[in-house]
Amino acid sequence: MDVHPQLLRALRAVIETGSLTAASERLGFTQSALSKQIAALEAAAGTRLFDRGPRGVEPTAAGNRLATRAATILDQYDAAQRELEDLPAPLGGRVALGGFPATALWLVPRAIARVRADHPSIEVDFLESSTSVQIRRLRAGRLDLALLASGEGLPGYDLTGIEVEPLPSSPLLVAVARRHRLAGAGRVPVAELADEGWIAGRGARGEPQFGAWPTVERPRIVAELGDWSARFGFVAAGLGVTTVPGLMAPALPGGIVCVEVDDPGWTGRSMALARIGALTGSTAATRAALIREARLLQGANTAAAAFS
């Protein structure tokens, strides 16, 4: 029997009040509308549920039995409605996320995919740019969240009024061709890099270029390229080596491997998530996804280093 809950409420109201008039007043329907509901319920049940007499209506045995079941059904229905009302509303809206180029290869795509899977109503728009440009966009209200690079060799940016929280960071690595003499080393002292030819990056002034190892004196630059794919192509062909941030390591082409470097003179660089103002539901979800993916990436790099 397929019955709308309202028909069961009508049944119970009539039984509890003893009349169609009183039941219609309780439920807020006209007596005619309530009579039609009872008639529809009797049609669905296939039997008479009330006897009509001069003193009102009396439930039949079938009416009493159905009313008993109806009480349980309606209690469960009302409980389910309350539980649904207590659920948090699905998150939605747009988030403008900025990141420096190295974040676009692995971290940001995976974080956006996680947000999309967990909160389909949230749209994350990614803008790739230098850290200095991101700070300017944050102040102008064009970004909700920004991934910033900081550390040795980078400018000291003015972060007044910007809330910055450190993210799990990965080490700086050296990418070499699979047939390179250091490919199987896993970890090497910085002195091993002194005679290498370097594929240097070319980009905005003050941004990390990821070319020669930072403490190598008078590095031999064999090529200077702005695009990561071009740099990787040169490295894979054995034309030189280059530095890469660990957050890019999982996405490197198959012809390249990474090695870690023991260098007491290098203090490293870090990554942070910046924003202005309080988190909203959608920005909080995006922040959580970025933190989770950064932690997973850091853990993967640590495991790889231990294995090597």
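One structure accompanies this document, and this report is about it. All figures in this text were calculated on a predicted structure; none of them were measured in a lab. (Residues numbered from 1 in each chain as written. Predicted model: local features only at pLDDT ≥ 70, side-chain atom pairs only at ≥ 80, totals over all residues. Heavy atoms only, no water.)

### Notes on the packing of helix α1 (residues 5-17) against helix α2 (residues 20-27)
- Packing of α1 against α2 leaves a shortest axis separation of 8 Å and a crossing angle of 130 degrees. Comparing the axis directions of α1 and α2 gives the class oblique. The two elements α1 and α2 cross, and the hand of that crossing is right-handed. Contacts between α1 and α2 involve Q6, R9, A10, A13, V14, E16 and T17 from the former and L20, A22, A23, R26 and L27 from the latter.
- When the residues that make up the contact of α1 with α2 are grouped by side-chain class, the tally is 7 nonpolar, 2 polar and 3 charged. (Axes fitted to C-alpha atoms, helices over the stretch in contact; angles between N-to-C directions. Helix = DSSP H or I, 4+ residues; strand = E, 2+ residues; numbered from the N terminus. Parallel < 35°, antiparallel > 145°, perpendicular 65-115°, else oblique. Left-handed = near helix turned anticlockwise from the far one by under 90°. Contact = heavy atoms within 4.5 Å. Nonpolar A, V, L, I, M, F, W, Y, C, P; charged D, E, K, R; others polar.)

### Examining helix α6 (residues 131-139)
- Where α6 is concerned, the buried positions are T131, V133, Q134, I135, R137 and L138.
- Lining the buried residues of α6 we find β3 (93-99), β4 (122-128), β5 (145-151) and β13 (269-275).
- Once α6 ends, the next one or two residues include G141, with phi positive near 80 degrees. (Buried < 20%, exposed > 50% of the residue type's maximum accessible area, 1.4 Å probe, protein only.)

### A short note on the pairing of β13
- With respect to burial, β13 is a largely interior element, 5 of its 7 residues being buried.
- The sheet contact formed by β5 and β13 spans 6 bridges and is antiparallel. Within β13, the residue paired with L148 across the bridge is A272. (Pairing = 2+ DSSP bridges.)

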